[in-house]
Structures are given as C-alpha cells and as structure tokens.
Amino acid sequence: MASIKQKTDAKGFTVYQVQASDGRGRRVYRTFRPQETWSAKTTQRELRKFAAKLENELKGGQVLTKAERHEQARREAAQAAKVQTLRQYVDRVWMPQKRATAARSSIRAYEVNLRLHVLPALGDSLLAEITPPMITALFYRLQAEGLAEKTLHLIWNITGEIFSTAVQDEILDHSPMTKARRPAASKDAIVDRQALAYTAEELQHILEAIRQEPLVWRALALLLAMTGLRRGEACGLQWDCVDFATGQITVKRNVQPCKGGVYVTTPKTGRERTVLAPPDVLDLLRQLRQEQPVTVRWVFARPHSTEPINPNSVTNHFRQMGRRYGLEDFHPHKLRHTFASVAIERGADVAAVSQCLGHSTIATTLAVYTHTNQEATRRAASKVWEAIQPPRQEEKKA
C-alpha cells in the first residue's frame, strides 16, 4: 500500500508526497497537489485515487523508478549515438573530425563531393551492409556520368578514408573498399602530363609577352615559374620571408580563398620550406618593394590595401592575360608544373625538385612527373654507358 506524507511547499501550500511500492524493492515518489477549492473530504478521496493509480502503474511497468529512468535515458542516448547508416557516420563522426583538423578548402571538397556523389547513392545504407560491389557500381556510374578522372580519384580517396576511420572506430571489422574495384581511366580521359606544363621555349615566349603587364603581375608570374610555388603560397609571402642578400625565400604561409575573403593557414604539407629565387626574380621584387608603402607587409597585396591578394584574383588575372596574349590555358598552377618539368628534364635532382615544390614525399613528385623523369633517367643511363665504353681507336692515336 502507498504511504502518504503531508508537506508544505515553498509557497506555503499543502501538498502530499506519495510513495508507491510494488513489493519487490521498486519505489517511486510523486507529489499530489490538491486544488484550493476542494474540501478536506474531496482532497482525501482524490489523494487515495492518485495513490492507488500510481501503485497500479508501477506494478504494470507504466511508471519507472528514478534508477530505471536513468538507465532508460542512458540506453536511449547510446542508441541515438550508435551509428547505423553511412550518412549518420559522416554527419556525426567523420565530418566533425575533419572540420576540426582539415583546411577549409579540403572541408568544402569533402562536403560537396559527399553531398553530390556518395551520400545520394550509399548514405541511407547501413555501414555494415555496404559491400564492395555497391562501391564498384557507384564509381563505374560516376565515370559513365562524365566525372573527371581527378574528381573520381578524390571521391575514391574520401570514401576510402571514411571506411578506414570506421574500422579504426571499431564500427566495422574491415573496409569494403579493399575489395572494391576502381574503374581504370578511359583512354579519352588520360591526360598527358606534358600538356599541363609549358616547354622552356614556350615559357620564354610567355615571359616576353607579359612584359607589358604591371610590375606586380610580372613579378608574380616569374616567381611562380622560377620557384614552383603554389599560388596560395605566393600570396602568403611577407617581406620578412624574402632575403635579398642570399636570394632565399621562406614559405611559411598559405593564403586560401573563402566566402567573404581569404584566410591564412600553413603550407599544404604543414611544413615551412626554403626556395632559391634567381636574380631576375629578386630584381622585380626589389622594384615591387619600392613601389609599395612601408606599411604593407604582404609581397603581393591587394591594390590600395595592406591585405594579401585573393588567390582567385590571381587565377582570374592570369586567365585575362592568357586571352590578351594568346596563351592557351594560362593559369598559376601550370607555371608550377612548368618549373618541375623543365627542371627534371634538364637534369635536376628529383629530390631537390620535390623539396622546392613542397611535396610530402619524393614519391609524389615521381608520380606526377613520371614522363619527364623517364626522359631524365634515360639520359642518365646513357651517360653511364658512355662513361664505361673503351676509347675509340682515333682517341688512342691522339
């Protein structure tokens, strides 16, 4: 039977604390608050009804004890946190981690490609039920839809990282990506790396053509072509990074475009590096420094501003220069490719070129510039062969 205690609340009104028990150690407490207009007899009648109902509900499992409510809340929270579909895992676990650690440009790439290509196909599937054939079918369909090889490669890497992280989180025993088949690049999609770079002769023509451009654009174009910097790294240079005495330029920052302007982050690999600028580049930079107010600390600042130039503005201006001078596909990154291709083709050490480019490993450089490196390798082999050949008869007589 329920026990009842009469009490007074904080406002001075009479209330009743009702304790009900099911006889097996389960107890619940409820407060009964009578209406002010009730008589004493009505209050007692309604109080007994309230206590009896509470006791019946406790025995019937309709009312939970405090401990049971806590346990139910814990189970519900655990169930809510439990990832069931790919979309849930991406939204609750994977993307929050990326937003905390990745660059903004990378985050945008993840969000866009997942939203447009991966989640519509696999997002509502249970993680554990996504199979290698499902992933293989997705990528063959994306290829058939005409996605560029570079985009397919990015989506493949993103998808693979998601499943690898799920394995690390012990949500999956293994990644379905390990047995999925990525479609080979179609012959129509294969791009010759040489087409992504200019020859030395073409570069000479370009630098001659843009002599009519304002100093800032000539300096920037020559800097990119002679050092292999990324456009964001060039935009991130400050004058204290340029040592005119030694010709060394220290790459410390990377300016990236974002909604409403730019933001400054570290270089792509997260490490500073030093490149050597030739005298012609230093001469143009000296002139640029003299033209700027002393309050400007960015080498390539926005016009009439002390803020760095937006990398998108650089790309847009290069496109305009390309149209003006008939330069096909003229953009900053092509000058970076040109630096690497010409350097390796002329016999530069691939490790040194990799260092200049800021690649994380030399393997990246070799993968990107395979054709150019093969030419250099053949020349190196021929030089070794020539070195071990016996002297010709004419040379002996001489």
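Residues numbered from 1 in each chain as written. Predicted model: local features only at pLDDT ≥ 70, side-chain atom pairs only at ≥ 80, totals over all residues. Heavy atoms only, no water.

**Points about the sheet that holds strand β8 (residues 273-276)**
Move 1: In space, the three strands of this open sheet follow the order β4-β5-β8, with antiparallel pairing throughout. What marks the edges here is a single partner per strand, and that holds for β4 (242-243) and β8.
Move 2: One ladder, built from two bridges, connects β4 with strand β5 (residues 248-251); its direction is antiparallel. Across the sheet, residue D243 finds its bridge partner in β5, namely Q248. (Pairing = 2+ DSSP bridges. Helix = DSSP H or I, 4+ residues; strand = E, 2+ residues; numbered from the N terminus.)

**Some thoughts on unusual backbone geometry**
Move 1: Although it is not a glycine, E170 adopts a positive phi angle of roughly 65°.
Move 2: Examined against the element boundaries, E170 turns out to sit in the loop between α6 (149-168) and α7 (200-209).
Move 3: A positive phi angle, close to 60°, is found at H304, a residue other than glycine.
Move 4: Tracing the backbone shows H304 in the loop between α10 (279-291) and α11 (311-325).

**So, the packing of helix α8 (residues 215-227) against helix α12 (residues 332-345)**
Move 1: At a minimum axis distance of 6 Å, the contact between α8 and α12 shows a crossing angle of 35°. Contact residues: α8 offers A221, L224, A225, M226 and T227, while α12 offers P332, L335, R336 and F339.
Move 2: A breakdown of the residues in the contact of α8 with α12 according to their chemical character gives seven nonpolar, one polar and one charged. (Axes fitted to C-alpha atoms, helices over the stretch in contact; angles between N-to-C directions. Contact = heavy atoms within 4.5 Å. Nonpolar A, V, L, I, M, F, W, Y, C, P; charged D, E, K, R; others polar.)

**Brief notes about the pairing of strand β1 (residues 3-8)**
Move 1: Counting buried residues along β1, only zero of its six residues qualify, which leaves the element largely exposed.
Move 2: Direction of pairing for β1 relative to strand β2 (residues 14-21): antiparallel, over a ladder of six bridges. If you follow K7 over to β2, its bridge partner there is V15.
Move 3: Turn length for the β1-β2 hairpin, with the two strands adjacent in sequence and antiparallel, is five residues, and the turn residue G12 shows positive phi of about 90°. (Buried < 20%, exposed > 50% of the residue type's maximum accessible area, 1.4 Å probe, protein only.)

**Considering a negative patch on the surface**
Move 1: Where like charges cluster on the molecular surface, the negative patch consists of E201, E202, E328, D329 and E345.
Move 2: The partly exposed category is assigned to D329, whose relative accessible area is 46%. (Patch = residues over 30% accessible without salt bridge, like charges linked within 9 Å, V, L, I, M, F, W, Y side chains within 5 Å. Areas by Shrake-Rupley, 256 points an atom, 1.4 Å probe, with all protein chains shown as cover. Salt bridge = Lys/Arg side-chain N within 4 Å of Asp/Glu carboxyl O. Lys, Arg positive; Asp, Glu negative; His and termini not counted. Charge placed at Lys NZ, Arg CZ, Asp CG, Glu CD.)

**Things to note about the confidence of the model for the protein chain**
Move 1: Residues of the protein chain with pLDDT of at least 70 account for 89%, and the chain-wide mean is 86.
Move 2: Considering only residues more than four positions removed or in separate chains, one finds that residues 190-194, a stretch of pLDDT under 50, has five contacts. (pLDDT = per-residue confidence, 0-100.)

**What about the pattern of salt bridges?**
Pairing between side chains becomes possible if they bear opposite charge and their charged atoms approach one another.
Move 1: Applying the stated criterion to the full structure yields 13 salt bridges.
Move 2: In this structure, R87 engages D124 in a salt bridge whose closest nitrogen and oxygen atoms are separated by 3.2 Å. Here the residue R87 occupies a position in helix α3 (residues 86-101), and D124 occupies one in the loop between α4 (104-122) and α5 (132-144), the gap between them amounting to 37 residues.
Move 3: Overall, R87 belongs to the partly exposed group, its relative accessible area being 29%.
Move 4: Looking at D124, the relative accessible area reads 63%, which means it is exposed.
Move 5: For E161, the salt bridge identified is with K98, shortest N-O distance 2.2 Å. Residue E161 is located in helix α6, and its partner K98 is located in helix α3; the two are separated by 63 residues in the primary sequence.
Move 6: What makes E161 partly exposed here is its relative accessible area of 28%.
Move 7: Counted as one network, the salt bridges with shared partners bring together R45, E46 and K49.

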